[in-house]
Amino acid sequence: MRKVALSLVAVGILLLVAAWYPHYVEKPVKDGKGPLSVYVDPSLSAPEYHSPLDWWELHHADILNRGDLTQSDCLQCHDPERSCNHCHRYVGVAEITP
Ligand code: HEC
Ligand code: HEC
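Attention here is on the structure that accompanies the text. (Residues numbered from 1 in each chain as written. Chains lettered and ligands numbered in written order. Predicted model: local features only at pLDDT ≥ 70, side-chain atom pairs only at ≥ 80, totals over all residues. Heavy atoms only, no water.)

1. Focus on the coordination of the iron atom of ligand 2
So, point 1. Around the iron atom of ligand 2, the protein contributes the donor atoms H60 (NE2) and H88 (NE2), at 2.0 Å from the metal centre.
So, point 2. The site at the iron atom of ligand 2 holds six donor atoms, and with the angles between them running 88 to 179°, its shape is octahedral. Placement of the pair is H60 in helix α2 (residues 53-66) and H88 in helix α4 (residues 80-91), with a sequence separation of 28 residues. (Donors = N, O, S within 2.8 Å, 3.2 Å for Na, K, Ca; no water. Tetrahedral: all angles 85-135°; square planar, octahedral: opposite > 155°, others 65-115°. Helix = DSSP H or I, 4+ residues; strand = E, 2+ residues; numbered from the N terminus.)

Written out as structure tokens, the structure is:
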């Protein structure tokens, strides 16, 4: 009887480990899969200063901190949560709050 109870506990622990096992989560890329995907409304066209896009990904902070553009310019098109903070939390930068 005790053996049965013990094996049930063991099976239970195995199931819990399987259920809570950390899953692979894709890093935040635009139109990527998974919960961190960066989303921008596809009906919008990107402003000229986004080009080339990989330069912009690296340097948008400098442009904003220099005051050439302000955060509210960005939020005309971008939803802060899905468009900014998925990436900001991932890289450890302060969150964008409207
Ligand atoms: C007119 C609308 C518009 C405005 C204003 C705008 N964006 Fe964008 N942004 C877009 C679009 C559209 C894309 C997607 C471009 C693409 O996929 O080629 C994009 C892409 C980006 C990306 C790249 C996301 C990724 O993971 O590749 C970043 C970062 C970004 N924008 C930041 C900003 C910031 C910061 C501002 C304010 C200074 C801003 N945007 C203002 C429309 C806009
Ligand atoms: C693809 C990833 C990514 C996306 C999407 C993104 N950022 Fe950033 N952002 C960064 C990184 C990385 C830094 C730090 C860059 C550095 O310090 O040089 C940064 C820094 C910043 C900073 C400067 C913060 C500071 O403490 O100096 C601002 C402001 C900013 N981002 C605004 C935005 C806004 C607004 C959006 C959405 C429209 C956005 N970012 C979307 C990656 C991203």
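Moving on from the model shown.
2. Section: the site of ligand 1
So, point 1. Near ligand 1 lie 19 residues; those nearest to it are H50, E57, C74, C77 and H78.
So, point 2. H50 is positioned such that a nitrogen or oxygen atom in its side chain is 2.8 Å from a nitrogen atom of ligand 1.
So, point 3. With respect to ligand 1, the side chain of E57 contributes an N or O atom lying 2.4 Å from an oxygen atom.
So, point 4. Counting only elements with at least two residues in the shell around ligand 1, the list comes to α2 and α3 (71-74).
So, point 5. Ranked by the residues each element gives to the shell around ligand 1, the list is headed by α2, at five residues.
So, point 6. Looking at the shell around ligand 1, its residues break down into twelve nonpolar, four polar and three charged. (Near = heavy atom within 4 Å. Polar contact = N/O pair within 3.5 Å; in protein donor to acceptor, adjacent residues only side chain to side chain. Nonpolar A, V, L, I, M, F, W, Y, C, P; charged D, E, K, R; others polar.)

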